[in-house]
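This is what each chain is made of:
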Amino acid sequence: MFLKDYIKDVYGAVSSLLKGMRMTGYYFTHHKEIITEQYPDNRETLKIADRFRGEVVLLHDENNEHACTGCSACEIACPNGTIKIINKFDISPEGKKKKAIDTFVYHLELCTMCNLCIEACPTDAIKMAQTFEHSVYDRSKLTKKLNNEGSKLREGIE
Amino acid sequence: MLSLENITRIIHEWLNSHFNPAIALDTEFVLVGVASITLFALLGLSLVWMERKVAAVMQIRLGPNRVGPKGIFQTTADTLKLLMKEGLVPDGADKFLFNLAPFIVMIVAMLILAPIAFAKNFQIWDINIGVLYLSAISSLSVIGILMAGWASNSKYSLLGAMRSGAQIVSYELSAGLSVLSIVVLTGSLSIKDIILSQQNGWWIFKAHIPALISFIIFIIAVTAETNRAPFDMAEAESELTAGFHTEYSGMRFALFFLAEYINIFIVCAIGATLFFGGWMPLHIGSWQAFNHIMDYIPSSIWFLGKTIGLIFLIMWFRWTFPRLRIDQLLNLEWKYLLPISMFNLLLTSLVAIMGWYF
Amino acid sequence: MIEEIGRTTEGDLIINIGPQHPATHGVLHLVITLNGETIKKVEPHLGYIHRSIEKMCESLSYRQFIYVTSRMDYLSSHINNHACALCVEKGLQIEPPQRAQYIRVIMDELTRIASHELWWGAMAMDLGAFTPFFHAFRERETITDIMEKTCGARLTMNYMVPGGVMAELHPGFQRDVERFIQLYKSKFEEYSELVTGNVIFQNRMKSVGVLSKEDAISYGCSGPVGRASGVSCDIRKLYPYDIYNKVEFDEITETEGDSYARYVVRLKEIQQSIRIIEQLLGNIPEGDFQAKTKAVLKLPKGEFYQRVETARGELGVYIVSEGGTTPYRIKFRSPGFSNLSALEHMVKGLKIGDLIAAMGSLDLVIPDIDR
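Not measured: the values here are computed from a predicted model. (Residues numbered from 1 in each chain as written. Chains lettered and ligands numbered in written order. Predicted model: local features only at pLDDT ≥ 70, side-chain atom pairs only at ≥ 80, totals over all residues. Heavy atoms only, no water.)

This part is about the overall build of chain A. Along its length, chain A carries 3 helices and 7 strands. Going residue by residue from the N terminus, the α and β elements of chain A occur as α-β-β-α-β-β-α-β-β-β. Against the globule reference of 15 Å for 158 residues, chain A gives a C-alpha radius of gyration of 28 Å, more extended than a compact globule. Counting only C-alpha atoms and orienting by the principal axes, one finds that chain A spans roughly 105 × 35 × 35 Å. Considering chain A as a whole, with its 158 residues, one finds that 37% of them fall into the buried category. Where the 22 positive side-chain charges of chain A centre and where its 23 negative ones centre are 5 Å apart. (Helix = DSSP H or I, 4+ residues; strand = E, 2+ residues; numbered from the N terminus. Rg over C-alpha atoms; globule rule 2.2 N^0.38 Å. Buried < 20%, exposed > 50% of the residue type's maximum accessible area, 1.4 Å probe, protein only. Lys, Arg positive; Asp, Glu negative; His and termini not counted. Charge placed at Lys NZ, Arg CZ, Asp CG, Glu CD.)

As a further point, take the sheet that holds strand E7 (residues 314-321) of chain C. Residue and element names in this part refer to chain C. A sheet is described by the order of its strands in space; here 3 strands give the open sequence E6-E7-E8, paired in antiparallel fashion. Strands at the two margins of the open sheet, each flanked by one partner only, are strand E6 (302-309) and strand E8 (329-333). Averaged over neighbouring strand pairs, the angle between their axes works out to 10 degrees when direction is ignored. In this sheet, E8 lies alongside E7 in antiparallel orientation, the contact comprising 5 bridges. Following the sheet pairing, Val 320 is matched in E8 by Arg 329. (Pairing = 2+ DSSP bridges. Axes fitted to C-alpha atoms, helices over the stretch in contact; angles between N-to-C directions.)

In this section: the interface of chain B and chain C. Taken residue by residue, the interface counts 24 residues in chain B and 35 residues in chain C. Interface of chain B and chain C: buried area, both sides summed, is about 2600 Å²; carbon and sulfur atoms make up 61% of it. The largest per-residue losses of area from chain B upon contact with chain C belong to Lys155(B), Pro322(B) and Arg325(B), which jointly make up 22% of the total buried on that side. Glu37(C) is the partner of Arg163(B) in a salt bridge, and the nearest nitrogen-oxygen pair spans 2.4 Å. Linking chain B to chain C there are 9 residue pairs in polar contact (both at pLDDT 80 or more). Among the secondary structure elements, those contributing two or more residues to the side of chain B that touches chain C are helix H7 (155-186), helix H11 (237-240) and helix H15 (326-354) of chain B. Among the residues forming the side of chain B that touches chain C, the class breakdown is 11 nonpolar, 5 polar and 8 charged. (Contact = heavy atoms within 4.5 Å. Buried area = accessible area lost by both parts, 1.4 Å probe. Salt bridge = Lys/Arg side-chain N within 4 Å of Asp/Glu carboxyl O. Polar contact = N/O pair within 3.5 Å; in protein donor to acceptor, adjacent residues only side chain to side chain. Nonpolar A, V, L, I, M, F, W, Y, C, P; charged D, E, K, R; others polar.)

On to the domain arrangement of chain A. Structurally, chain A comprises domain 1 (2-35) and domain 2 (55-153). One C-alpha centre belongs to domain 1 of chain A, the other to domain 2 of chain A, and the line joining them spans 59 Å. (Domains from an automatic or database assignment.)

Here helix H2 (residues 21-58) of chain B is 38 residues long and its end C-alpha atoms lie 53 Å apart, about the 56 Å a rise of 1.5 Å per residue gives. One or two residues past the end of H2(B) sits Ile60(B), with phi positive at roughly 45 degrees. (Expected span 1.5 Å × (residues − 1).)

Here is the structure:
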């Protein structure tokens, strides 16, 4: 019958709308469902995954020594030309020439955090750091020198 | 006791005792104007804040929480920003109409304020055809919207305005019919009389089924009339970017924005007046003690509480439902709401004649 | 130019939807001809986000070019990477260890769920409901957290390498995924209450943007769009790769071919993806996660083609090698491009609102179309 279908239609429509309203009403009354993280305020409690790729860093130990031999494997592996390694030749006390890095240039502004350089490094000298607040006012600050001043190659790494 | 009624009486008496009646009347006009503009600003700001908070909690977010405690000054800051922004007029726009449109929308919203009773004996203009006046004025805002859409010289605006025209003209019918059912029950068009007739109980309880049906139709129709989701065809930001106010910026945009919220407040105030007794406290039949306690709550609080309740309902709709399509919108009106409300008017008349209400 | 085409001779309106428009989810530009509200013609203009990824890949080595493909269909970046890795493996004739294959399939399915979740929210937002968008992100966030813990990134993971995956799963992987599945199952009811069952939503979606089976085939539609029209086109079933022939799952097909069918197909696909993950999760075999490969990969001279099923449909990777360390020519067959081409056919004679609904149900990712 026409009238019966009409009423059924209206009833079905209204009840489906009320179901939706019950759902939003539930969230309106249950404030603990809120999932907002108040980011700059919760810096202390922020948990960042260990593997998060924030930027490339060169690891230095307490003696200001690193493991980078200057082999340029990372520079070759990088798809964007983010890394540039400038080598120099140290003269050892015995008078032998020894290759060492002069500057490990890292262009953060070009980096896509693809992790290929870390994979390529034969001595595990570099790794991804978990920092993520990279914004600066001047673009030139994004070009970084990764090796510390006066650092040198750790003994026993070829 | 300090109530709104007393304050107005004191001002009135003071003015009349110090100046001649003409000056006193003029001063009262100015005072009412200033008061209503202040009310508008406050309402706009607080309702926008309320909407943002309601939306946020329903969407499992926090909402504005930076400017002031719980973010209550966020809307003030936004308005200041809009005030300082440049109001651009697009090339090829009809400059006069383009500038006029937001003011028309705003003025219409202000006009509807006149017969609304905010508290006991606190009403700007107690006109004996109050309900008729409300229906007549509330359909004027479409002129402002059409003007904005036409004058912008933008196709998005034009489409939005045309949609809005079709929508407001059709939903006016069922809104009017559902209001009529209360008029039938009361036997008066005056807002004051309608409120006083609910002394022993609100119409939504007293007139049970017909009042409930007309209330549901009323709330759907006014949601459509104020261009709110799920009937926000005129704006429909995923279809027409911003509809009729696409080309507006700065304070002109803010006026449209504020007018939307003030319209919501006004239609909810009308709904509260007609169905929930306006400023009338909740009275239950012969429970003398209960009725007495209820009388202690000031009438303005009753009015505001009911209105905000209805506003919340309309906001609840917005943050739950998807938008209708334009032809479905008109289908809903002409195939469902209008027949039902006509039938309901008959039912109400029957109820009123037979005296089947409490 | 734009002023000239502002109005046609018949007095129809020409409207630009995009390149900056809330409904196009990117920089898609649709020039639509309107008669009142009725659509007469839809003309997609492409190229606003063309980054010439195919040409870029020609200058990158076989290890390097994979990360670029994450930027094509950024919502199913794992699956794009998977396709490239598979194609390179085909050329090198190596097979990744079992463990790597299991991990890859689990990651693919997680990506698919994440992509469909985001689409669900965006679809509802196209129709004017805002709340579902945030609710969808709540579940999706759990997946991105898992991705972050295992792969180190949330969107452009670059986890697949030729010969396996880049790193071992993180220690709590199984527990995290189980927790996600639990969360999803507890919230699934909400999806139907909030959106699917809603009468307004159903009216907006049903018998809107109908695409018949024949049209779906001739336009080359694949993925959920093709399956909603009744075309059995799930690459995971037709040409199984990795261990898809070992897992049990149903290929979801609907016959209506309207926007609602596409919607239902995607929601049911999430269930199937969860079914796949549940089968694999407890049984990941021990072993290496990466096959031994040379430091510099060289594909033999020849042509290699690999297709996979992304969240949007069939992605084909075609590599021409001259025997060097970089590909001579790379071509991607992206699902979004052919799905978009069916749009005009679907919405002709309907209203603007239907165009938005139909476009939302296609689940377009613009960088995937332009590349």
